[in-house]
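Reading the structure
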Amino acid sequence: MSVVSSPTPSSPIRSLRRYTRILASLFCLLAIAVGTGIGALGISPSAQLSILAESIGLDSFATYHDPIQATVLKAIRLPRVVLGLLVGACLSVAGVLMQALFRNPLASPQLIGVSGGAALAAGVVIALLPGEVTSGTYGAWVLPAGAFLGALAVSLITLRVGHRGGTPDVVSLLLAGVAINALTGAGLGLLVFVADDAQLRSLTFWSLGSLGSATWTVVGTLAVATSLLLFFAWRNRLSFDLLLLGHEDAHHLGVPVATLQRRMVLVTAVAVGSAVAFTGIIGFVGLVVPHLCRLLVGPTHQHLIPLSALVGGSLLIFADTGARTIVAPAELPLGVLTTLLGAPFFLVLLARARKFA
Amino acid sequence: MRTSPSFPRDLVHALIAITLAAAPPVFAGTIIDQRNRDITVESAEKIVTLGAATTETVIALGLGDRIVAADASSKGITGAESKSTLGYHRQVAAEGIIATGTDLVLATEAAGPPAALQQIESAGIPLVVLEQATTADATLKRIELLGTLLDAQEKSNTIVAAIRSDLDKAAKLRPDTPMRVLFLYARGGGAGQMAGDDTIADAMITLAGGTNAFAGTKGYTALTPEAVLTAKPDVVLLTTGGLASMGGETGVWSTPGLAQLPRESVRLITMDDHLLLGFGPRTGLAALELAQKLQPSSPESGGPDEQ
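A brief report on the enclosed structure follows. (Residues numbered from 1 in each chain as written. Chains lettered and ligands numbered in written order. Predicted model: local features only at pLDDT ≥ 70, side-chain atom pairs only at ≥ 80, totals over all residues. Heavy atoms only, no water.)

**Focus: the pattern of salt bridges**
This model, assessed by the stated rule, comprises twelve salt bridges over all chains. Between A:D320 and A:R324 there is a salt bridge whose closest N-O contact spans 3.6 Å. Residue A:D320 and its partner A:R324 are located together in helix 14 (residues 301–325), separated by four residues, close to a single helical turn. By relative accessible area, which is 3% here, A:D320 ends up buried. Of the residues examined, A:R324 reaches a relative accessible area of 6% and is grouped as buried. With its nearest N and O atoms 3.8 Å apart, the salt bridge here joins B:K169 to B:D166. Here the residue B:K169 and the residue B:D166 both occupy positions in helix 6 (residues 153–172), the gap between them amounting to three residues, near one helical turn. For B:D166, a relative accessible area of 11% puts it in the buried group. Taken together, the shared-partner salt bridges connect A:R77, A:R80, A:D320, A:R324, A:E331 and B:E95 into one network. (Salt bridge = Lys/Arg side-chain N within 4 Å of Asp/Glu carboxyl O. Helix = DSSP H or I, 4+ residues; strand = E, 2+ residues; numbered from the N terminus. Buried < 20%, exposed > 50% of the residue type's maximum accessible area, 1.4 Å probe, protein only.)

**Quick word on helix 9 (residues 216–235) of chain A**
Residue and element names in this part refer to chain A. Compared with the 28 Å implied by 1.5 Å per residue over 20 residues, the 28 Å span of helix 9 between its first and last C-alpha is a close match. Within helix 9, burial applies to V218, V219, L222, A225, T226, L229, F232 and A233. Within helix 9, the buried residues cover an arc of 160 degrees as seen down the axis, which keeps them to one side. Exposed residues lying more than 90 degrees from the buried face of helix 9 are V224, F231 and R235. Summarising the contacts, the buried residues of helix 9 are in contact with helix 3 (67–102), helix 10 (237–243), helix 12 (257–279) and helix 14. (Expected span 1.5 Å × (residues − 1). Arc of directions from axis to C-beta. Contact = heavy atoms within 4.5 Å.)

**Quick notes on the pairing of strand 5 (residues 104–108) of chain B**
Residue and element names in this part refer to chain B. Burial runs high along strand 5: five of the five residues are buried. Residues L104, L106 and T108 of strand 5 are buried on one face, and the alternating residues V105 and A107, pointing to the opposite face, are buried as well. In terms of strand pairing, strand 3 (residues 47–49) meets strand 5 through three bridges, oriented parallel. Directly across from T49, in strand 5, lies its bridge partner L106. Relative to strand 6 (residues 127–130), strand 5 runs parallel, the two sharing four bridges. What sits directly across from A107, in strand 6, is V129. With helix 4 (residues 114–122) bridging strand 5 and the parallel strand 6, this β-α-β connection has right-handed handedness. (Pairing = 2+ DSSP bridges. Right-handed = clockwise from strand over helix to strand, strands pointing away.)

**Structural notes on helix 4 (residues 114–127) of chain A**
A rise of 1.5 Å per residue sets the reference length of helix 4 of chain A, with its 14 residues, at 20 Å; its end C-alpha atoms lie 20 Å apart and thus fit the reference within 8%. Burial analysis of helix 4 of chain A places twelve of its 14 residues in the buried class, which makes it a mostly covered element.

**Observations regarding the environment of A:L203**
Residues and elements named next belong to chain A. One can find L203 in helix 8 (residues 197–207). Classification of L203 by relative accessible area gives buried; the value is 7%. Sequence separation of L203 and G189 is 14 residues, and the distance between their C-alpha atoms is 11 Å. Beyond its immediate stretch of four places on either side in the chain, L203 contacts A122, G123, I126, L188 and V192.

**Details of unusual backbone geometry**
Between A:A328 and A:P329 the backbone carries a cis peptide bond, its omega angle lying at 5 degrees. Position of A:P329 among the secondary structure elements: in the loop between helix 14 and helix 15 (334–356). The linkage connecting B:G112 with the following residue, B:P113, adopts the cis geometry, with an omega of -5 degrees. Relative to the assigned elements, B:P113 resides in the loop between strand 5 and helix 4. In this structure, A:R103 is a non-glycine residue whose phi angle is positive, near 50 degrees.

The structure is reproduced here in structure tokens:
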């Protein structure tokens, strides 16, 4: 059960690897262009250029759009595309981290209880807090703050229970995660029981995921969280490679395994907790994207981390563009769409991997 | 290039002026909405409504053709079927709403998410938040507010007067010993939920001169056989949709708990979903119809259902 389930880097893969980062960057630019270009409100390329001209002070060229298009592009669509990029990158790289931590391709941030904790806390906010709390001046921040704290708290509990004599033990961590996820599920069930009809629907929609709450403030918050994760992941990329050899071997090769594992859980909890807090649960990205990228560039984290960030961000932008245009003026739940697309893709990958073996 | 003769352009301008003069007069309705904000509306030609009661009220004010889009809960309202395109009103998409070209969004406190509402306002589209009415007074207030806002006071006064008179009639029908009414909220599978205090059904039962058989518990509670028997209802009240989801009358009377009620003295009454639970412009009609159905002399099963 090691992560090295992908084909070993042979020559075609090595030559492919040289170009993947460039290709992925182009793919990402394409995603941003498509994401900002398409939406319920038609904004032609000339109108977009005109809005850009206006934003940088070239007013004489800014005559091809009306003000409402500028507002939609700058205040609604653009923050949403950037949020998609950040959340996609965050979930994917967190997936890479978890798969390295558990040395298991099935691992995803969900396993340590991040999503479960966030969902439970969101349930408490929606079903138990009085309306005055959530409708005040800072009302819009109560739910994200609660969800973030829930994600963090539950992950910390998982980490604490998963310890064995000061060292996180992967099997205990895994089992603790399973049990704690079951517990948060049961807690959520209780909340569903006491919630009224409207609360129930709010809760359901929250758990289906959406980038609809994207504002520049949210984007800024998530930029910090995602940067933290990417910085941590990049700095420790070599240690992650060594972890794949086994914790014992990694330890003997000088990796501070216990500290590293603890930090992996903490950083994932903070980053994914922030993402989930604003977007709800967006399924399957953290599981599928690292897999896909591993097929492209092999298991070395130096290549895997940047590629996962780029591919995850791009795919989420594409998925969100679909979510907000397919049934416009309404919106499909993003988490449903990512899982709907991700799961069959994952199955195809599995079937093909078996054929190669 | 030769300057074109100004005659056609003048003609166009004149035509525009005539058209504008013939169009509904420009008005400026000012109201204070549920968030205590002063809102002035100068034109409301393309209205977006979020919430069934709001949609129904705008249609009742005779302005249904100005609605460009409504939320999913408005689907069942006559005149809004094809306009219900915006999805669930707690999870609307800002860009989708702006793309309808609307110049006025009428929402309730339930509408969301907050970020989307903020974005709609930042695009310069006036957003009115109305009370999520669950009492007759709140309903009347909402109709008056919308009448003022949309320059349809005459029509709103007529509706308000009609509701008041129907509510009076309903109150007069109140029997000396009010009927004990058990409202069942049923939606596919399962046995449904019983309406307790602080529910829309409870409010409507009271307006119609009945007493809620399941009073004493707040909100909705899942139906249990013992609770039904303890409630000792004279009447089991369902919406038409609820009855269908329970498998018709046969289904209702074979549900554990309901099956044990004395069939000879307990009646089953159904009413249209939106009429009974909407608290829209037909609130008076709904109370009166329910009051009539609750009359002791009323025929079995409460007579024909109105749609």
